[in-house]
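Examination of the molecular architecture
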Amino acid sequence: AAPADGGKCTTQGAPIALGQVGTFSGLAGPIAGDGLTAMAVWAKQVNARGGLACHPVTLYTRDDGGDPSRAAAATKDLIGRGVVAFVGNLTALTQSGFLPEIKKNCIPAIGIDFGAEWATEPCLFPQGGGWRESIAGLVQQAADRGHRRIGLLYCVEINTCSSIGKDI
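This structure is a prediction, so every number in the text was calculated from the model and none was measured. (Residues numbered from 1 in each chain as written. Predicted model: local features only at pLDDT ≥ 70, side-chain atom pairs only at ≥ 80, totals over all residues. Heavy atoms only, no water.)

What follows deals with the state of the cysteines. What the rule picks out here adds up to two disulfides. Through a disulfide, C9 is tied to C54; the S-S separation comes to 2.0 Å. Sign of the S-S torsion, about -100 degrees for the bond between C9 and C54, identifies this disulfide as left-handed. One end of the pair, C9, is in the segment before β1 (16-22); the other, C54, is in the loop between α1 (29-48) and β2 (57-63), and 45 residues separate them in sequence. (Disulfide = S-S within 2.5 Å. Helix = DSSP H or I, 4+ residues; strand = E, 2+ residues; numbered from the N terminus.)

Dropping the structure here:
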């Protein structure tokens, strides 16, 4: 029970289980690996202050290694372990495995915003302005620096890449 004035917790509530899935190893691991550390530091800091509304946070992380089937299995496993939300997920390469499990169970997923579904699915809560806005910002920054041409290489194996390629 948290006091109304926002002070110290008077009693500790039940732990809140949060999950994190991402490509933390393999070819793309160096790009996303710091996200693993960042979420661990966040959970430690939140718990040092008494938790979320006096509920300690238990963070479960899973590395999908860049494999969508591993992302699906990891997401399903964490949901089965009682995870109530997913945070800090870095699944740009593995969303085809991650998102179906999220949608099927309507478990809130907070963070990352690649792909059109992040703007339409009720259980997805993107961070930032969205991928369309991010692309527009990158193009604007290039124009502000005097660049007048742009090229785009994208992959067809990943739905996110195909979506971005169609929208630009």
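Within the span of helix α3 (residues 95-105), buried status applies to Q95, G97, F98, L99, E101 and I102. Following α3 by one or two positions, C106 has its phi on the positive side, about 50 degrees. (Buried < 20%, exposed > 50% of the residue type's maximum accessible area, 1.4 Å probe, protein only.)

Here we come to the nonpolar core. Ranked by internal contacts, the top residues of the largest apolar core, which has 15 residues, are V21, F86, F98, I102, A109 and L124. Put simply, the parts of the chain that give this core at least two residues each are β1, α2 (68-80) and α3. Setting aside chain neighbours within four positions, we find I102 in contact with T75, F86, I107, A109 and L124. With seven residues, the next largest nonpolar core counts L18, A43, V46 and V87 among its residues. (Core = buried A, V, L, I, M, F, W, Y, C linked by side-chain atoms within 4.5 Å. Contact = heavy atoms within 4.5 Å.)

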